[in-house]
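One letter stands for each residue in the lines below.
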Amino acid sequence: MLNKATFDFLRDLAKNNNREWFAENKFRYENAKQDLYPLIATLIAELSAIDPEFAADTAPKKCLMRIYRDIRFSANKDPYKLNYGIAFDVKNYGPKTPSYYLHLQPGNCFFGSGFWMPETGVLKSVREEIDYSGDTFVEAISNKEFKSLFTLSQEDKLKKAPKGYEITHPHIEYLKLKSFIAIYPLKEEDFYKDDIVDKLKKAFGAVQPFIAFLRSAVGE
């Protein structure tokens with residue numbers, strides 16, 4: 001369970017995204033991190049008990065992503081992110097490893113799992129696995145637990161069939177995807193309640209068949 005002040009900091013930062021304000025209020029950011037670490041530690045224990053590929057001894061500080069934006073190649077020069085990003089990276093994490101991510105932002109909280117905009121080789125492998133074992137993929141995203149919580153991201157989906165596949169393919173709508181991300185939307189208020197860990201624990205379990213399919217697709 002989190003303190004409301006942790007989200008209030010992000011609300012104020014959205015109105016004052018500059019280095020001067022941040023320097024004056026950095027103590028609030030440090031307080032927010034101290035509020036987040038116990039929740040992250042609890043989620044590490046829960047996730048590692050469900051997914052053996054995630055290490056139980058992962059440090060919470062390693063999961064909490066930097067709030068500082070990389071503005072070197074961006075037209076948006078705001079120096080700070082307006083969210084807390086929590087990445088639960090499994091062992092030997094890399095481009096061929098599906099990930100878990102918790103996004104905390106006023107009005108936009110969610111838990112996501114899978115591949116976001118994977119590199120060409122990974123995308124090709126996932127599509128091939130759907131082509132070969134489409135029924136297994138459909139089963140993973142159609143089970144009761146998954147459907148009650150998650151939806152598949154449709155971000156940047158192809159309008160036509162990808163090269164090498166017919167538009168009449170029985171799983172063409174999945175083959176058109178460019179990201180394979182399962183999204184579980186959450187509310188800010190969820191993080192003020194004691195059952196937030198139970199909600200996310202349930203989500204960890206529900207998404208495992210989907211993660212297992214992706215790992216099989218890329219040979220992990």
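As shown above, the structure is provided for reference.
Thresholds, definitions, all that
Residues numbered from 1 in each chain as written. Predicted model: local features only at pLDDT ≥ 70, side-chain atom pairs only at ≥ 80, totals over all residues. Heavy atoms only, no water. Helix = DSSP H or I, 4+ residues; strand = E, 2+ residues; numbered from the N terminus. Contact = heavy atoms within 4.5 Å. Areas by Shrake-Rupley, 256 points an atom, 1.4 Å probe, with all protein chains shown as cover. Buried < 20%, exposed > 50% of the residue type's maximum accessible area, 1.4 Å probe, protein only. Pairing = 2+ DSSP bridges. Core = buried A, V, L, I, M, F, W, Y, C linked by side-chain atoms within 4.5 Å. Phe/Tyr/Trp six-rings, centres within 6.5 Å; stacked < 30°, edge-to-face > 60°.

Undergrad: Explain the overall build of the protein chain to me, please; I cannot follow it from the model alone.
TA: A tally of regular secondary structure across the protein chain gives 9 helices and 5 strands. Order of helices (α) and strands (β) in the protein chain, N terminus to C terminus: α-α-α-α-β-β-β-α-α-β-α-β-α-α. Dimensions of the protein chain, computed from the C-alpha atoms along their principal axes, are close to 60 × 40 × 30 Å. A sequence separation of at least 24 residues applies to 66% of the contacts in the protein chain between residues at least 6 apart. When the accessible area of the protein chain is evaluated, it comes to approximately 11,800 Å², of which 51% is carbon and sulfur surface.

Undergrad: Help me understand the pairing of strand S5 (residues 180-186), please; the structure alone is not making it clear to me.
TA: Two faces belong to every sheet, and in a regular strand the side chains alternate between them. Here S5 lies mainly inside the structure; 5 of its 7 residues are buried. Examined bridge by bridge, strand S3 (residues 109-115) and S5 share 7 bridges and lie antiparallel to one another. Across the sheet, residue Cys109 finds its bridge partner in S5, namely Leu186.

Undergrad: Please explain the nonpolar core as it appears in this structure.
TA: General note: in soluble globular proteins, nonpolar side chains tend to be found buried as a group. Among the nonpolar cores identified, the biggest contains 63 residues, and Phe88, Leu102, Phe111, Phe150, Phe191 and Phe210 are the most heavily contacted of them. Discounting chain neighbours no more than four positions away, the residues touching Phe191 are Met1, Leu2, Phe7, Leu39, Leu102, Leu104, Cys109, Leu186 and Ile196.

Undergrad: Can you walk me through the packing of aromatic side chains in this structure?
TA: Each pair of aromatic rings is reported with the distance of its centres and the angle of its planes. Applying the stated criterion across every chain, the model contains 23 aromatic pairs. Ring geometry for Phe7 and Tyr192: centres 5.9 Å apart, planes at 90 degrees, overall edge-to-face. Of this pair, Phe7 sits in helix H1 (residues 4-15) while Tyr192 sits in the loop between S5 and helix H8 (196-206), and the two are 185 residues apart along the sequence. Residue classification places Tyr192 among the partly exposed residues on the basis of a relative accessible area of 22%.

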